Structures are given as C-alpha cells and as structure tokens.
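Report on the structure
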Protein chains: 2
Amino acid sequence: MDNNEIDQLVTAMAEKGRAAARKLAALSTAVKNDILLATAEQLKTQRDFIRTENEKDLAVGREKGLSPAMLDRLELSDKVIASMIQGLEEIAALPDPVGEVDDMKRRPSGITVGRMRVPLGVVGMIYESRPNVTIDAAALCLKAGNGVLLRGGSEAIHSNLALAGLLQKVLEAHAVPKEAVQVIPVTDRYGVNAMLAQEAFVDVIIPRGGEGLIRFVTENSSIPVLKHYKGVCHLYIDESGDIDKGVRIAMNSKTQRPGVCNALEGMLVHKAIAERFLPAAAKELLAAGVELLGCEQSCALVPEITPAADSDWGTEFLELKMVVKVVDDMDAAMAYIAQHGSQHTEVIVTESYVNSQRFLREVDASAVMINASSRFNDGGQFGLGAEIGISTTKLHAYGPMGLEELTTKKFIVYGQGEVRQ
Amino acid sequence: MDNNEIDQLVTAMAEKGRAAARKLAALSTAVKNDILLATAEQLKTQRDFIRTENEKDLAVGREKGLSPAMLDRLELSDKVIASMIQGLEEIAALPDPVGEVDDMKRRPSGITVGRMRVPLGVVGMIYESRPNVTIDAAALCLKAGNGVLLRGGSEAIHSNLALAGLLQKVLEAHAVPKEAVQVIPVTDRYGVNAMLAQEAFVDVIIPRGGEGLIRFVTENSSIPVLKHYKGVCHLYIDESGDIDKGVRIAMNSKTQRPGVCNALEGMLVHKAIAERFLPAAAKELLAAGVELLGCEQSCALVPEITPAADSDWGTEFLELKMVVKVVDDMDAAMAYIAQHGSQHTEVIVTESYVNSQRFLREVDASAVMINASSRFNDGGQFGLGAEIGISTTKLHAYGPMGLEELTTKKFIVYGQGEVRQ
C-alpha cells in the first residue's frame, strides 16, 4: 500500500470506529462485562490458534535478529496468556465509571446542574511489539465505553490481528459492531501518521513506548495526546529522616524492579544526616549490585561511590545504577528535583511534620510521597484497578490512568422551563 | 524584530514565567486575594493612564479602518473598566482550589493515597483585540496559582502592556516575581508561533477567538490546547413536550443574545407535535425578527418558513436566523445532533421521564439539558464563578472552564516506611 491508500484505509476504519463508539457508549454494564468474560473464555479455548499466529511473528523476529529481550516481549507464552485472562476478569469486576453523576446542585435560576461521567469516544493506542497490550488496552477502553483503534509494533502484526479477531467475534455475538475494536493492519510506519491525522474521529491518542516514539507522536498529532515521557524519580533523605526507613525505601525503590519507570534514579541526602545515612545505604545498595555515582561529598564519605559525570544527573538509567548527591537543605533538594526530575515520582524520608507538608505541597510530580517506596506509583497499588499508562503531563490526567481517566464529565441540567434573564 | 529574535525573546519570557510559576504555586490564598484586590484598586486610581494608552490603540485602529464592532471591543470604556474591577473582586471572593485534598484512602500495603489539587504551571493565553481579557484571564490564572503568558491581538498592544504593567507593579509590591504575568510585546503574527513552541515552559494553551485562530493554534502547537470551536446548539421538541415551555425556551435560547456560542442555531420537532408546536413557536420567533429556514414539512406547516439550503444545516449563524426540521422520532433527532452538532449545548423539551433520561445519557455535548434554555451553558450560571472559556473537546475539561479547570490533581502518599512486595 502507498501512503494514499493507507490514509484511505485508516480514515475508513476511524469513521466506522466513531459510529461503533456511539453504540458502545449506551451499552449496559452487564453487557460490557459479558463481552470481557467471553473474551477471556476465547483466550482459553483458542490458545492453540493464538500460539500459531504468534509463532509466525516470532519466526520473522528471529530471522530479523531481534534481541532476546524483544523476542521475550513478543512471545504470547502460557504465562502471558494467563495474565491477559486475569486482566479481563479483573476489569470485568471493576465498577463501571460511565453514568456516574455528581455535584448536582440547585442554582438561583431554578435549574439543577450536575456532571455525568461519559466515555471519551474513540481512543487511539500506539504501542510497541507487546501483543498482550492489544487485549489489556482494548479491555480497559471497552469497559469505559470507548471504541479503540490499535496500532501495535509491526513485529507483532499476526498476534495483534489474531487477538483482535477473537474480540471482534465476541462483540458480534453480543450485537455490538465489531469496529468497536480494530487493529490497523498496516506494518508500514506511515500507519502511525495516518492515525494521528484522524482528528475528526479519534478523541485521544495514548502512546506507550520509548521516549522517541512518544516525541514523534506528540509532534505529529493534532489529536490530544496522553503521554508518559520517562521516570527520573528521586528520594530525598531529610535531616530528620529515619535511617532504617531511608535505607529500606532506597533499596526497594532502586532494586525491586530497576527497569521500570517508577524505579529510583537519584538520591539526595541532607548534609546533616549524610555521614550517618550514606555509608549505611551504600553498603546495602552496593551489596545488591547497584553502581553509585556521586558528588564530591558523597565520594568522600563512601569510597565505593565513583564521581558522577555531568550527564549522569537527571538520567533515566533503568538499570542497577543511580546518582547520589549531598545537599545543603530541603530547598536545594527541591530545586534539584525541579531541574532534573521528570514529574513522575518524588519521595521524602522525614520525621518532620513541617518538612513533610512542605515537600508534599511544593514538589511538582504525578505522585509525591512521604516515607514510602517510589515503586508504589502504580494504578493497582493506588487502588485504580488496571492502568493504561502513567501520565507525566498535567492535562486531563496526572499519574496512573485507570478507567476514570478514560472518561470525561459532561454537564447535565434538569429544568422546568427556566429561561435566562 | 526578525523571527529569530522573536523566538529568543519569547523563550526567555517563558523560562522566567516558569520560574515565577513555582513561586506562585506556593502562595497563600490571602496573598493571592490581596494581589487581586490591589489590582482592582490600581484600575480605579490609574484610570486616566489606562484611557490614554487605550486611546493610542483606538487612534491606530480608526486609522486602519477597523469596523465599529472591532473598535467597540477594543475600547476600555468606563463600563469595561468597571467590569474588570468587578471581575477581580469576584475572583478574589471565590474559594481557592489549590491544596484541596480528596479521596484519601488506606491501601492494603499500608500506605494512604489521595489526590491534591495543584496549579497547571504556566498558561499561554492567545486572544483577539479585547484588552479586558488581559485582566480577566490573568486574574483567573493567578488565583489558580498559575503563571500566565498573554498574547492578545496586535491592535490592543498599548492597552495590554499598560494593564499588565499595573498588575506587575502589584506583584512586585507583594514580593512575587513580576514575570508571573507577562504580555508578549510582539505585534508580529509570528509571536503566536513562538509561543506555541515553548513546550518546555508552558503547560497549556488556551486560545479565545474565531474558528480560524483556534484551528491555527491546534495545528501548530505541541503544547496541549484547551479549545472551544463553535456552538451549533439544538433544541429538540419531543412528542410529549409542553408547548408553552418549548416556545419560551426556543425564544430565550435564540433571541436573548443571538451572537454568542450558547445561542440556538437549530430546532428539531417531533412529527406528532409539529402541527401544534411549530405555528405557535414560529409566530413568536418571527415577531422577534428571527428568520426561519426549514425542511419541506416545516415550510408546509408555516408559510413564513423558507426552504433551507443544504449548507444551512449545522451552520453557526450567530444572528437572528435558524433552521427548523420535523423529525420522525427521537432517534432521528439524536442522529441529526450527532451529525450537525458541535458538542456544545443540546436541549430536549419533554414531559416523558424515559425520553428525558435517554437524551441525557446518549447525547454527546458539553451540556445536555432538559426543559431549560441553552443560554444557561455558562460558568456563572452553572456555579463555577468566572469562566476562562467553554471547552467543546473532552480532554481535561468539557464545558465551561472555571478555576478548577485551571488546576490538576497529583497523587499524594502518606507512608510509614512501607515498601513494595
């Protein structure tokens, strides 16, 4: 297909998706849950078919020389299929956000005004070669009453089409237009551009992947984008901080799963506690294999800390490596965070009421924490149920995005013939 | 200045605005209110200076041959100055949204999670030559703890700089960096482009003006845009509708202020009530000078209704003119609204519980009303206090945007040393 044909195909799909979304918005919770559970059933009975289609992608991937990590993410193993099934069951069990009404108030004019939660419309998902996202994202969008247009990495095309095909069969069996969930069958990179041009039919774009993909999407979309750049998370050990809590939180935040966005990338230590805290923390972190890059003072306190290069400050390492800096006071720590943080997760360890409240109020991040591991910044841990991503920009959603963030609120008015004076 | 110099100037301003916004975010409510009230005081005592600067703009405008309507909007008359003063006093009296915490819940892990309302950061306002917007918008942004970068129409440059200058004097007197409120002193159209490129320092762009301006901003911004396209509002008279309520609401919605976005542009009438409703409504509307363009059936029922052209359906007339269509049932009315509406305001007149609830749930618009005038879609009427615009897209805000819509919520976590298992 040339670009013109791709544009035509994607436009036709988006238009049908918009029409299907109107039907979805009016579906009862019971029908939506039935669809999710029937899809889980399909994943169980059609496992062989899914594996066969996935094997086609894996074979091409091996031929192309994809890295073992990429092949691993591409594979729909029994474990991954089981987690998709569990995800569908969990989303079916979550409360339906659509139709919730709040803030109903009588106004002086006589009308009663409130807000009703409604679906966004059509969600455009752009993601890398992780075919499980096809089911996870579609399930969340469906439960929130949205149509979804999916554009996964080209290496996963057979897997994605197979999974969406199962879902579409279930939709049709429930008298819902199958265009409610569509995978764009275009492996050419231009498929992304074509999707970003569907302003008339797509309400929001959610990109999941590396910083390059997300920048490309942001710069080329006139549709609003809910984006998650990167997680450069910090831990500030206050003068009054408890050493044990600090060490425990540093260890868990850095080492429990170093490759994810809510893992720690830097530690700021008040100068009055550095002499007691740093050696204790470094001992455990070094034993866990963490490489520590530090400022002059940190290196002087712990010989195993090596001098950090200028480019290390503010880096998202995503591995067992982090920077350490001794700061004069909390203001210096907060200024450092404002400069180097990515508005993802920032933590203070303190026993001071005053400092805890100042940090909470003044630090700008999607999650600001007192005496807790940065690893808690997660939809499940926060009680949102499943999440479709973590927003590090402030419009619409800031932090983990669950079902509610896939909806909006419209105003509703109950009148008895009132007119404006 | 050439484009390069404009880019440098605007970037420097945006960067300073970002730093000032950090200070603003931490200001107490009392100080913010003092600043607003002191600005109101300045407008009273500096009236002559404001009039002198405004006169410079008016003189250039007259020379350029601006239309009387444009000159009228450009003029800072005593009445307009009084309304700016009143606006400042009203915004000072509104509750401060910043710092509000809700949804605090204990999670199984032991942490307590909630959400705290925080400012967006820096707001970029782009608007036409109405200098009163400079004060109105700056006041709302300040109260919500945001810095603001203002780019008004070039015809109002002296007025805008004078007004912002007064505000900056007040800010400095309160030890707040004056860059919290800045007017871009560039009349070249490229000033808008330069502002739309400040993704690193500006969090949201709010354009106010005609559809052309808003499209230009949307297509050229990588910063999120809160936009208000147009208001093509409809009134559907249901089979069970009360004739008196219907006529009263049609008259008020269409004629109370025909040039604004929440005025009625089309009326859909159920065929079973058309014979009784249309002649009664047409009589009053025609007497008020409204030109009615209709479908074949409407024209047959009321001889004064003239046949509508294809291009009339879905048009935003903004004058005493509207379309009228007889429909077979409510589904046809809702399909028409989905096709021709602009997601602004849609009204049903009905005595049927079932139809009222279906319309409320299924119609997609920023405000959906039962038996009330479309003219109520307004921040003041809805109880939000002053409004900075009406969003007809669904991300972040849908409908009138008040102080709350100029903020976002971050997650906050209270822990006692918890780590993730």
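Residues numbered from 1 in each chain as written. Chains lettered and ligands numbered in written order. Predicted model: local features only at pLDDT ≥ 70, side-chain atom pairs only at ≥ 80, totals over all residues. Heavy atoms only, no water.

Looking at an unreviewed UniProt entry, one finds chain A named Gamma-glutamyl phosphate reductase, with Candidatus Electrothrix marina as its source organism. Within the UniProt record for chain A, the comment given under Subcellular location (unreviewed entry) is "Cytoplasm". The UniProt entry for chain A carries the following text under Catalytic activity (unreviewed entry): "L-glutamate 5-semialdehyde + phosphate + NADP(+) = L-glutamyl 5-phosphate + NADPH + H(+)". (UniProt positions renumbered as here; feature names shortened; annotations may be inferred.)

Thoughts on the overall build of chain A
For chain A, the count of helices and strands is 15 helices and 16 strands. In terms of overall dimensions, chain A is globule-like: its C-alpha atoms have a radius of gyration of 24 Å, near the 22 Å expected for 421 residues. The principal-axis extents of the C-alpha atoms in chain A amount to approximately 70 × 70 × 40 Å. Buried positions account for 58% of the 421 residues belonging to chain A. Of the contacts made within chain A by residues no fewer than 6 positions apart, 72% connect residues no fewer than 24 positions apart. For chain A, the accessible area works out to roughly 16200 Å², and carbon and sulfur atoms hold 49% of it. Each charge class in chain A can be summarised by its mean position, and for the 44 positive and 56 negative side chains these summaries are 5 Å apart. (Helix = DSSP H or I, 4+ residues; strand = E, 2+ residues; numbered from the N terminus. Rg over C-alpha atoms; globule rule 2.2 N^0.38 Å. Buried < 20%, exposed > 50% of the residue type's maximum accessible area, 1.4 Å probe, protein only. Contact = heavy atoms within 4.5 Å. Areas by Shrake-Rupley, 256 points an atom, 1.4 Å probe, with all protein chains shown as cover. Lys, Arg positive; Asp, Glu negative; His and termini not counted. Charge placed at Lys NZ, Arg CZ, Asp CG, Glu CD.)

Observations concerning the packing of helix α3 (residues 47-64) of chain A against helix α5 (residues 78-93) of chain A
All names here are of chain A. Their axes nearest at 12 Å, the elements α3 and α5 cross at an angle of 125 degrees. Between α3 and α5, the interaxial angle falls into the category oblique. The two elements α3 and α5 meet at a crossing, and its hand is right-handed. Residues Arg-47, Ile-50 and Arg-51 of α3 touch α5, and the partners they reach there are Asp-78, Ile-81 and Ile-85. Residue classes in the contact of α3 with α5 are distributed as three nonpolar, no polar and three charged. (Axes fitted to C-alpha atoms, helices over the stretch in contact; angles between N-to-C directions. Parallel < 35°, antiparallel > 145°, perpendicular 65-115°, else oblique. Left-handed = near helix turned anticlockwise from the far one by under 90°. Nonpolar A, V, L, I, M, F, W, Y, C, P; charged D, E, K, R; others polar.)

A closer look at the packing of helix α13 (residues 330-340) of chain B against helix α14 (residues 353-362) of chain B
Residue and element names in this part refer to chain B. Packing of α13 against α14 leaves a shortest axis separation of 12 Å and a crossing angle of 20 degrees. In terms of orientation, α13 lies roughly parallel with respect to α14. The hand of the α13/α14 crossing is right-handed. Contacts between α13 and α14 pair Met-330, Asp-331, Met-334 and Ile-337 from the former with Asn-355, Arg-358, Phe-359 and Glu-362 from the latter.

As for the sheet that holds strand β5 (residues 181-183) of chain B
Residue and element names in this part refer to chain B. Read across the sheet, four strands follow the order β5-β4-β3-β6 without closing on themselves; strand pairing throughout is parallel. With one partner strand each, in any of the chains shown, β5 and β6 (204-208) form the two edges of the open sheet. Across the sheet, the mean angle separating the axes of adjacent strands is 20 degrees when strand polarity is ignored. Both strand β3 (residues 122-127) and β6 contribute to a ladder of five bridges, which runs parallel. Residue pairing in the sheet places Val-123 in a bridge with Val-204 of β6. On top of the sheet, helix α7 (residues 157-173) reaches β3 and β5; it is set at about 160 degrees to β5, its chief contact. (Pairing = 2+ DSSP bridges.)

What about the side chain of Glu-346 of chain B?
As for its placement among the helices and strands, Glu-346 of chain B is situated in strand β12 (residues 345-349). Notably, Glu-346 of chain B is buried but unbridged: the nearest opposite-charge side chain belongs to Lys-410 of chain A, and the N-O separation is 11 Å. Side-chain polar atoms of Glu-346 of chain B contact the side chain of His-234 of chain B, separated by 3.1 Å. In this structure Glu-346 of chain B touches Val-232, Cys-233, His-234, Ile-337, Gly-341, Phe-359, Val-363, Ala-365, Ala-367, Val-368 and Met-369 of chain B, once residues within four positions along its chain are discounted. (Salt bridge = Lys/Arg side-chain N within 4 Å of Asp/Glu carboxyl O. Polar contact = N/O pair within 3.5 Å; in protein donor to acceptor, adjacent residues only side chain to side chain.)

Observations regarding the environment of Lys-16 of chain B
Residue and element names in this part refer to chain B. One can find Lys-16 in helix α1 (residues 3-25). Since its relative accessible area comes to 48%, Lys-16 is described here as partly exposed. Lys-16 sits 131 residues away from Gly-147 along the chain, and the two C-alpha atoms are 9.7 Å apart.

A look at the state of the cysteines
Here the structure, examined in full by the defined rule, presents zero disulfides over all chains. Left unpaired, Cys-141 of chain A is separated from the closest cysteine sulfur, that of Cys-261 of chain A, by 19 Å. Among the cysteines around Cys-233 of chain B, which has no disulfide bond, Cys-261 of chain B carries the closest sulfur, lying 7.0 Å off. Here Cys-233 of chain B falls in the buried class, since its relative accessible area comes to 0%. (Disulfide = S-S within 2.5 Å.)

With respect to the side chain of Thr-345 of chain B
All names here are of chain B. Relative to the helices and strands, Thr-345 resides in strand β12. Exposure remark for Thr-345: the relative accessible area of 0% places this residue in the buried category. Within the local environment of Thr-345, its side chain forms a polar contact with the side chain of Asn-377, the two groups lying 2.9 Å apart. Among residues more than four places away in sequence, those in contact with Thr-345 are Cys-233, His-234, Asn-262, Ala-365, Ala-367, Met-369, Ser-374 and Asn-377.

Describing the relation of the copies chain A and chain B
You can overlay chain A on chain B at an RMSD of 0.1 Å; the transform is a turn of 180 degrees with a shift of 0.0 Å along its axis. Such a turn and shift between the copies fits a two-fold axis. Rotation axis and chain A: the residue whose C-alpha lies nearest the axis is His-396 of chain A, separated from it by 1.8 Å. Mapped onto chain B, 100% of the interface residues of chain A are again interface residues, and the two copies thus contact each other with one and the same surface. (Least-squares fit on C-alpha atoms with pLDDT ≥ 70 in both.)

Quick look at the interface of chain A and chain B
Between chain A and chain B, the residue contacts involve 72 residues of the former and 72 residues of the latter. Where chain A packs against chain B, one counts two salt bridges. In this structure, Glu-405 of chain B engages Arg-115 of chain A in a salt bridge whose closest nitrogen and oxygen atoms are separated by 3.0 Å. Seen at the junction of chain A and chain B, the total is 45 residue pairs in polar contact (both at pLDDT 80 or more). Within the residue set of the side of chain A that touches chain B, elements represented by two or more residues are β2 (112-119), α10 (243-255), α13 (330-340), α14 (353-362), β13 (367-372), α15 (379-382), β15 (399-401) and β16 (407-418) of chain A. A per-element tally of the side of chain A that touches chain B places β16 of chain A first, with 11 residues. Of the residues assigned to the side of chain A that touches chain B, the class counts are 33 nonpolar, 21 polar and 18 charged. Examined bridge by bridge, β16 of chain A and strand β13 (residues 367-372) of chain B share five bridges and lie parallel to one another. Each bridged residue has a counterpart across the sheet, and for Tyr-414 of chain A the counterpart in β13 of chain B is Ile-370 of chain B.

What about the domain arrangement of chain A?
You can read the domains of chain A as domain 1 (3-227 + 406-413) and domain 2 (233-381). Spacing between the C-alpha centres of domain 1 of chain A and domain 2 of chain A amounts to 36 Å. (Domains from an automatic or database assignment.)

Describing the nonpolar core
Formed by 61 residues in total, the largest nonpolar core has its most connected members in Leu-235, Met-267, Phe-359 and Phe-382 of chain A. When neighbours within four sequence positions are excluded, Leu-235 of chain A is seen to be in contact with Gly-246, Ile-249, Ala-250, Leu-264, Gly-266, Met-267, Leu-268, Val-347 and Val-349 of chain A. Tyr-236, Ile-273, Cys-299 and Met-322 of chain B belong to the second largest nonpolar core, which has 60 residues in total. (Core = buried A, V, L, I, M, F, W, Y, C linked by side-chain atoms within 4.5 Å.)

Remarks on the pairing of strand β9 (residues 291-294) of chain B
Residue and element names in this part refer to chain B. Pairing of β9 with strand β11 (residues 321-327), which is carried by four bridges, proceeds in the parallel orientation. Bridging across to β11, Leu-293 finds its partner in Val-323. Strand direction decides the pairing type here: β9 and strand β10 (residues 306-307), joined by two bridges, are parallel. Its bridge partner lying in β10, Gly-294 is registered against Pro-307.

Here's the deal with the packing of aromatic side chains
In this structure the tally under the stated criterion is six aromatic pairs over all chains. Above the face of the Phe-216 of chain A ring, Arg-189 of chain A is positioned so that its terminal group lies 4.5 Å from the ring centre. (Phe/Tyr/Trp six-rings, centres within 6.5 Å; stacked < 30°, edge-to-face > 60°. Lys NZ or Arg CZ within 6 Å of the ring centre and 35° of its normal.)

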